[in-house]
Amino acid sequence: MPSPDTDISGKLIAEFTPRTAPPAMFATPLVGEEASLWTLAVSSFLAATLLPGGSEAVLALTLRMHPEQWPTALVIATVGNTLGGLLTYAMARWLPPTQLPARLDWVRRYGPAALLLAWVPLVGDALCVAAGWLRADWRACALTMAIGKGARYLAVAWLALP
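Residues numbered from 1 in each chain as written. Predicted model: local features only at pLDDT ≥ 70, side-chain atom pairs only at ≥ 80, totals over all residues. Heavy atoms only, no water.

K.L.:
Teacher, can you tell me more about the packing of aromatic side chains here?
P.N.:
Centre-to-centre distance and the angle between the planes together describe a pair of aromatic rings. A full pass over the atoms with the stated rule returns 1 aromatic pair. An angle of 65° between the planes, with centres 6.1 Å apart, marks the rings of W106 and Y110 as edge-to-face. Of this pair, W106 and Y110 both sit in helix α4 (residues 105-110), 4 residues apart, which is roughly one turn of that helix. The class for W106 is partly exposed, based on a relative accessible area of 25%. Over the face of the ring belonging to Y153 we find R152, whose NZ or CZ atom lies 4.0 Å from the ring centre. (Phe/Tyr/Trp six-rings, centres within 6.5 Å; stacked < 30°, edge-to-face > 60°. Helix = DSSP H or I, 4+ residues; strand = E, 2+ residues; numbered from the N terminus. Buried < 20%, exposed > 50% of the residue type's maximum accessible area, 1.4 Å probe, protein only. Lys NZ or Arg CZ within 6 Å of the ring centre and 35° of its normal.)

This is the structure we're talking about:
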């Protein structure tokens, strides 16, 4: 009769099967810290443009794999996402002036403060476009975007960290 470590033919089962692998093997990072942070930067930048993306999941995975990197990951995600929002803002400045849709008229009323909500999926992109189209001060827009997006990533980090 074969032992628990061999198959029917008597050959040794590979040591990396879940049944015999040491528990620490599954905690070993699959991707290095630097690659994880670069992936997070690209993901957070692209997620803030008109391209769909889930940078929150990338941040959560990065923090699960490298929890000691949480301050760096938080800054990278916030800066990358803010730069992506500013790219959307900048592209909107090239749009010809037309009438602002009624739904976005409150961006004119509240100005850059409306960009505190730039992190909200789909709505955030429209807010960045509206702010750029209205030629709102880019520095104030960058600051309010960063505050809103940073608060969102802080909440994700708080939930993702062990």
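After that view of the structure, there is still more to cover.
K.L.:
Would you mind going over the packing of helix α2 (residues 55-65) against helix α6 (residues 138-160) with me for this structure?
P.N.:
The angle between the axes and the distance between the axes are what describe a pair of packed helices. Running from amino to carboxyl end, α2 crosses α6 at an angle of 40°, the nearest separation of the two axes being 9 Å. The pairing of α2 with α6 is recorded here as oblique in orientation. Between α2 and α6 lies a crossing of right-handed hand. Of α6, the residues touching α2 (which contributes S55, E56, L59, A60, L63 and R64) are R152, Y153, V156, A157 and A160. Class assignment for the residues of the contact of α2 with α6 results in 7 nonpolar, 1 polar and 3 charged. (Axes fitted to C-alpha atoms, helices over the stretch in contact; angles between N-to-C directions. Parallel < 35°, antiparallel > 145°, perpendicular 65-115°, else oblique. Left-handed = near helix turned anticlockwise from the far one by under 90°. Contact = heavy atoms within 4.5 Å. Nonpolar A, V, L, I, M, F, W, Y, C, P; charged D, E, K, R; others polar.)

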